Amino acid sequence: MDLSQKSQENIEYMIEAIKEKLKMASASALQSSAFSVEQYDDIYDLYDVVNSKTNLSISEVEALVSELGRLRRV
């Protein structure tokens with residue numbers, strides 16, 4: 001997948017990958033459609049952080065989920 005292209009499809013891919021890596025219990029509450037292409041760079045940064053780590057601490061997971069919540073469209 002070419003993540004250099006800013007598209008809703010790529011956002012969906014990254015959000016799903018983040019949810020999988022974080023093993024979110026409430027993953028259904030975080031729909032990729034709640035994010036806009038305007039937030040692509042921020043989402044990509046989160047995706048990059050999540051994929052660069054083998055394990056995430058609880059505080060890291062909380063911080064990432066909080067940031068995803070901040071980026072969601074209302």
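Residues numbered from 1 in each chain as written. Predicted model: local features only at pLDDT ≥ 70, side-chain atom pairs only at ≥ 80, totals over all residues. Heavy atoms only, no water.

S.K.: Residue-level account of the overall build of the protein chain, with values.
M.R.: Along the protein chain, the regular secondary structure elements total three helices and zero strands. Listing each helix as α and each strand as β along the protein chain from the N terminus yields α-α-α. Relative to a compact globule of 74 residues, whose C-alpha radius of gyration would be 11 Å, the protein chain shows 11 Å and is just as compact. Expressed as a percentage of its 74 residues, the buried residues of the protein chain come to 32%. Within the protein chain, residue pairs in contact and separated by at least 24 positions form 73% of the contacts whose partners lie at least 6 positions apart. For the protein chain, the exposed area adds up to about 4800 Å²; of that, 47% sits on carbon and sulfur atoms. If you average the places of the 8 positive and of the 13 negative side-chain charges in the protein chain, the two averages end up 4 Å apart. (Helix = DSSP H or I, 4+ residues; strand = E, 2+ residues; numbered from the N terminus. Rg over C-alpha atoms; globule rule 2.2 N^0.38 Å. Buried < 20%, exposed > 50% of the residue type's maximum accessible area, 1.4 Å probe, protein only. Contact = heavy atoms within 4.5 Å. Areas by Shrake-Rupley, 256 points an atom, 1.4 Å probe, with all protein chains shown as cover. Lys, Arg positive; Asp, Glu negative; His and termini not counted. Charge placed at Lys NZ, Arg CZ, Asp CG, Glu CD.)

S.K.: Quick one: what's the story with the environment of Glu-62, residue by residue and with numbers?
M.R.: Position of Glu-62 relative to the elements: it lies in helix H3 (residues 58-71). Along the primary structure Glu-62 and Leu-22 are separated by 40 residues, whereas in three dimensions their C-alpha atoms are 9.6 Å apart.

S.K.: Account for H3, naming residues and giving values.
M.R.: Taking 1.5 Å as the rise per residue, H3 with 14 residues should run 20 Å; its terminal C-alpha atoms sit 20 Å apart, in good agreement. Elements in contact with the buried residues of H3: helix H1 (8-22) and helix H2 (40-52). (Expected span 1.5 Å × (residues − 1).)

S.K.: Residue-level account of the pattern of salt bridges, with values.
M.R.: Scanning the model with the defined rule gives four salt bridges in all. Residue Asp-41 pairs with Lys-6 through a salt bridge whose shortest N-O separation is 3.1 Å. With Asp-41 in helix H2 and Lys-6 in the segment before H1, the pair connects residues that are 35 residues apart, well separated along the chain. By relative accessible area, Asp-41 is classed as partly exposed at 44%. For Lys-19, the salt bridge is made with Glu-16, and the minimal N-O distance between the two is 3.1 Å. One end of the pair is Lys-19 and the other is Glu-16, both in helix H1 and three residues apart, which spans about a single turn. Given a relative accessible area of 38%, Glu-16 falls into the partly exposed group. (Salt bridge = Lys/Arg side-chain N within 4 Å of Asp/Glu carboxyl O.)

S.K.: Can you explain H2? Please cite residues and give values.
M.R.: End to end, H2 covers 18 Å across 13 residues, agreeing with the expected 18 Å (1.5 Å per residue, within 8%). For H2, the full list of buried residues reads Tyr-40, Ile-43, Leu-46, Tyr-47 and Val-50. Each buried residue of H2 lies within a common arc of 130° when the element is viewed along its axis, so the set occupies one face. (Arc of directions from axis to C-beta.)

S.K.: Explain the confidence of the model for the protein chain residue by residue, including any values.
M.R.: Looking at the protein chain as a whole, the pLDDT averages 86, with 91% of positions reaching at least 70. H3 is the least confidently modelled element of the protein chain, averaging 88 in pLDDT, while H2 averages 93, the highest of any element. (pLDDT = per-residue confidence, 0-100.)

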